[in-house]
Amino acid sequence: MERDTRLTWPHKDLLDVDQLSLDDVSTIFKAAASFQEINSRPVKKVPTLRGKTVVLFFAEPSTRTKTSFDMAAKRLSADTFSLAKSGSSLSKGESLKDTALTLQAMSLDAIVIRHAASGAAQFLAERLDASIINAGDGWHAHPTQALLDAFSLYQEWGSLAGKTVCILGDIAHSRVARSNVQLLTKLGAKVRLCAPRTLLPASTEGWPVEVFTDLKPALREVNAVMCLRLQLERQQAGLLPDLREYARTFGLSARHLKDAAPEALVLHPGPINRGVEIDSSLADARESLILDQVAAGVAVRMALLFLYLTRKEGST
Amino acid sequence: MSAPELVVRNARRLGAPVDLLLAGGRVLDCLAHDPKRSHEGATIIEAGGAVLLPSLIDAHVHLREPGFEYKEDIASGLTAAAFGGIGRVMCMANTRPVNDDASVTESILDTARKARPFGPFVHPIGALTKGLKGEALSPMADMAQAGCVAFSNDGVPVANTELFRRALEYAATVGRPVIDHCEDPHLFPGAGMNEGAVSSRLGLRGQPWVAEVLQVERDILLAEYLGVPIHLAHVSCRQSVERIAAAKAKGLAVTAETCPHYLFFTEEAVLGYDTAAKVNPPLRTKDDVQALRQALAEGLIDILATDHAPHAAHEKEVEFQDAPCGISGLDTALALTWKLVAAGQLTELEFETRWRHAPAAIFGLPACHLSPGDPADFVLFDPMAEWIVGSEAMHSKSTNTPLLGKTLKGKVTAHYLAGRDVLA
C-alpha cells in the first residue's frame, strides 16, 4: 500500500492546501494515522527516510513547529539541519535568493521553510530542486497547521462534512486562518470567521465563509471553535484598544460555548495567550483539542515528509 | 517655400497618407501623399504607410543618475526614450544627491547634453522640498532658472499641508507647476499592492484607493483655494477620476496623468508574488482600468506618462514585501498604449494629444503638431511589427516590467529630433 502511495504522489512542493485534491488529503490522513501508531510504540523510530536530508530553515522564531518537524524527520531517520535566522547568513544580509542557491548546491532532499514574508516558500520552490514544505509564510499560508487541525477534527468526528467551524480572532494577519478556510471547506465543513473589523482581512470576496463581528451569533450551533493567537503588537499598531477589552468581547470562554452545538470542540494552534483569546480553564478543559493537535502535528508532518521525500522513487 | 532637405514619404498621419517635408530642423509642410511628387536633392524616407506621430513627451521618468547608475543612467534612459519614440523626458528629483539645487539640475542637463547632444532632451523636475524631506522649500527660483520645468516631491509626498500650501504658492510665484504624487502618508504608503481581494488572498499588506483619493481631494481643494495649478501624477483609480472631473467642471487648473500599466494591468498581475507588478500607486481593479481608459478618452486625464522606474534585477528578485516599487516603461509605453488606438478606444489625435500636445502645454515645452514652422520632431511607428519584451530588445538597463517575455505589437522605426535621426 505504501508503495502505491509513492508512485502516485504528484507534488514536488507543499506551498498551500489549495494544491491538494481530496484524494491527496485522504492519502495524507491515512499515512498520518499509521504514523500516529508508530508514535505510540516504545521505540518511535523507523528507517523509512534513512539517508535523506531535511533542512529546517526558520527565518522567523518558532519553537513548536520547528520541533514538530524535527521530531517528525528524526522518527523517520532523516538527517536534519537547522538554519535559523540568528545563526544563518540571513543575519549577515544575504538575500533569500543567495540562501536558496547555496542550499541548492548542498543537494538537499527537502527544505522546511518558515519565513515572515508572504510568498517566501514559493520563491524557494521556483528556484530549487528540493521539495519545499511551507511551515508558514507571512500572513499567507500554513498548510501543515491546517492539515493537522483538520486531521485532529477528522479523528474526532470521522468526517468533517456538514460540520460548522468558527475561526475566531486575528484573521487578517493569520496564515493559519487562510489555509484552514480552504482546507476545512474542501473537506465539506462550513466555515465562519469572527473578529473585530480591524482584525478581518480587507476583503473576503470569494472566500467561502460567513463573517461575523459579534461572538454570540458566530458561535451559535458551531461544532468547533478555532481560536487564533493574538499577537500583542496588534494593540501597539492601533488595531485594538486594549487586551482586557479584547478578552471580554472576543476571548473564548466556557460561557460562550453554551451557544455552540453539544460537545463542541476547541482548537488553538498555539502558543496560547491564556486569558486573552481563550479562557485559561477552557484551554485545559475536556473540549480542548489543543494537545491532540500537537500530537497530530508530529504524525501529519511525518506523513508529509514521507510522501514528499519518497516521491521520486516512483515517479518518472 | 524653400526646398525640403528631408521628405518622409507615404506616412499615415491621423488616418490619411501624407508626405512630410522638412528643412532646417523644422517642418516645411505636411501634404497629402502624392506618389508623383518629386523632391530633387532631398533625402527621402519611404515610410511605407507607417504611422507618423510628433515625437512624444514623457512627463514622469526616473533616470536614476546621479546616484543609482546601476539601475539606469542618463545615457541609457535617453537611448530607451529614443527607441520608445519619446523625444523629451522630464526626470524626477529622487536621485542621490537629490535634485534640490541648481548645481544638480545643471549637472543633469550637462550629462544629458554630452550623452545625447541631439536628443532626446531632458527637462528636470526639481525637488519641491530640500532633500525631498518635506521640511523646507527648495530654491525653486534658482532651479527654474537652471532649467527645472516643474517641481515635485514624487515618491515622498508632503504630508504637512501648511508646507505644501506654501510650496504651491512659491512654485506659482516662480511660474512652474507642481506635480503631486498623491498618497496618504499613513495608509500603508509604498505597499505596492492594492488593498482588496488579491492582497487579502496573498496575505500581503495593501494600499487602499482611499489613500490616493484623500490627497487628490486635498490638492484639488488647495488649487481652488489658492488659485494655483496642480498636476496629479499617476492617477490609478476611479474615485480619483471622479474628483478630477468635478474639479475640471469647476474650471480649476487641475491636470492629471496616468501611466500605461494602470490601463493594462490589474492587481491580479501580482498573483504569484510577481515583484515586476509591484508599483506605487499599485495596480488596481478592472473597474479602475475601465474608468481610467474612459477618462483618458474624455480628456479628464490630460496626459500619458510612463513613471519609468527602473530597478536592477537583484533588487526585484526578493520577497515581495522587500522589493522596491516601480515598472520600467520607456521601451514599451508607445506600443502598449497604441493598443487603445488599435481597439478604437482612443483616436490617433487623442493619442498624440495625451503624449505630446497636452504635456507640452502643461509644462511649457515646445509644441509640435507637425505644422509648418514646428520643430522637425517626429516618429515613424509600425503598428504591426511584433517584438518580444526583454533585455535584448529593451534599451533601458532594467527590465522590471510585467510585460517581460510577452510579445508587443508596434515598433518605432524612425525617430527624428530637429530633423536629425536619433536612432542612428
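Quick caveat, the model's predicted, so the values are computed rather than measured.

Asks: Honestly, the interface of chain B and chain A in this entry has me stumped. Any pointers?
Replies: Quoted interface sizes are often the accessible area lost when the parts come together. With 15 residues of chain B at the contact, the number on the chain A side is 20 residues. Overall, the association of chain B and chain A removes approximately 1400 Å² of surface from exposure, summing both partners, and the carbon and sulfur fraction of that is 55%. A per-residue breakdown of the area chain B buries against chain A is headed by B:S200, B:E317 and B:E319, which together make up 38% of the total. The tally of links between chain B and chain A comes to two salt bridges. A:R127 serves as the salt-bridge partner of B:E317, at 2.9 Å between the closest nitrogen and oxygen. Taken together, the links from chain B to chain A amount to nine residue pairs in polar contact (both at pLDDT 80 or more). Residue composition of the side of chain B that touches chain A, by class: five nonpolar, five polar and five charged.

Asks: I tried to follow the sheet that holds strand β3 (residues 110-115) of chain A on my own but got confused; where do I start?
Replies: Adjacent strands of a sheet form backbone hydrogen bonds with each other and so pair up, either parallel or antiparallel. Residues and elements named next belong to chain A. As summarised here, the arrangement of the four strands in space is β2-β1-β3-β4, forming an open sheet in which the pairing is parallel. Each having just a single partner strand, β2 (79-84) and β4 (131-137) make up the two edges of the open sheet. Strand after strand, the sheet turns through a mean of 15 degrees between neighbouring axes, direction not considered. Pairing geometry for strand β1 (residues 53-58) and β2, over six bridges, is parallel. Looking across to β2, one finds that V54 is bridged to T80. This element, helix α4 (residues 96-105), spans β1, β2 and β3 of the sheet and lies at about 165 degrees to β1.

Asks: Can you help me understand the packing of aromatic side chains in this one?
Replies: Pairs of aromatic rings are described using the distance from one ring centre to the other and the angle between the two planes. In the structure shown here, the tally under the stated rule is nine aromatic pairs over all chains. Where A:Y246 meets A:F250, the ring centres are 5.9 Å apart and the plane angle is 25 degrees; that geometry is what we call stacked. Of this pair, A:Y246 and A:F250 both sit in helix α10 (residues 243-250), four residues apart, which is roughly one turn of that helix. Each member of the pair, A:Y246 as well as A:F250, carries the same accessibility label: buried. The ring centre of A:F123 lies 3.7 Å from the NZ or CZ of A:R127, which sits over that ring. We note B:K278 situated over the ring of B:F320; from NZ or CZ to the ring centre the distance is 5.2 Å.

Asks: Quick question: what am I supposed to make of the domain arrangement of chain A here?
Replies: Residues and elements named next belong to chain A. Segmenting chain A into domains produces domain 1 (17-141 + 295-309) and domain 2 (143-293). Here the C-alpha centre of domain 2 lies 25 Å away from the C-alpha centre of domain 1. Of the residues lining the interface, 30 residues belong to domain 1; the matching set on domain 2 comes to 28 residues. It is V17, F29 and W139 in domain 1 that bury the most area against domain 2; as a group they hold 33% of the surface buried on that side. The interface formed by domain 1 and domain 2 contains one salt bridge. The partner of E60 in a salt bridge is R175, and the shortest N-O contact between them spans 3.0 Å. Counting only elements with at least two residues in the side of domain 1 that touches domain 2, the list comes to α2 (22-39), α3 (64-75), β3, β4 and α13 (290-309). Among the elements that line the side of domain 1 that touches domain 2, the one with the most residues is α2, at seven residues.

Asks: Sorry if this is basic, but what is going on with the environment of A:G169 here?
Replies: Residues and elements named next belong to chain A. Mapped onto the elements, G169 comes out in the loop between β5 (164-168) and α7 (175-186). Distance from G169 to C227, taken between C-alpha atoms, is 6.1 Å for residues 58 residues apart in sequence. Excluding residues within four positions of it along the chain, G169 makes contact with C194, A195, L199, L228 and Y246.

Asks: Please clarify how the pattern of salt bridges should be interpreted in this entry.
Replies: Oppositely charged side chains can form a pair if their charged atoms are brought close together. Inspection of the entire model under this criterion finds 30 salt bridges over all chains. Among the salt bridges present, the one from A:E37 reaches A:R41, with a minimum N-O distance of 3.2 Å. Residue A:R41 is classed as partly exposed on the basis of its relative accessible area of 34%. Between B:D287 and B:R238 there is a salt bridge, with its nearest N and O atoms 2.8 Å apart. Taken together, the residues B:D287 in helix α9 (residues 286-298) and B:R238 in helix α7 (residues 238-249) connect sequence positions 49 residues apart. Residues joined in a network through salt bridges with shared partners are A:K97, A:E126, A:R127 and B:E317.

Parameters and conventions
- Residues numbered from 1 in each chain as written.
- Chains lettered and ligands numbered in written order.
- Predicted model: local features only at pLDDT ≥ 70, side-chain atom pairs only at ≥ 80, totals over all residues.
- Heavy atoms only, no water.
- Contact = heavy atoms within 4.5 Å.
- Buried area = accessible area lost by both parts, 1.4 Å probe.
- Salt bridge = Lys/Arg side-chain N within 4 Å of Asp/Glu carboxyl O.
- Polar contact = N/O pair within 3.5 Å; in protein donor to acceptor, adjacent residues only side chain to side chain.
- Nonpolar A, V, L, I, M, F, W, Y, C, P; charged D, E, K, R; others polar.
- Pairing = 2+ DSSP bridges.
- Helix = DSSP H or I, 4+ residues; strand = E, 2+ residues; numbered from the N terminus.
- Axes fitted to C-alpha atoms, helices over the stretch in contact; angles between N-to-C directions.
- Phe/Tyr/Trp six-rings, centres within 6.5 Å; stacked < 30°, edge-to-face > 60°.
- Buried < 20%, exposed > 50% of the residue type's maximum accessible area, 1.4 Å probe, protein only.
- Lys NZ or Arg CZ within 6 Å of the ring centre and 35° of its normal.
- Domains from an automatic or database assignment.

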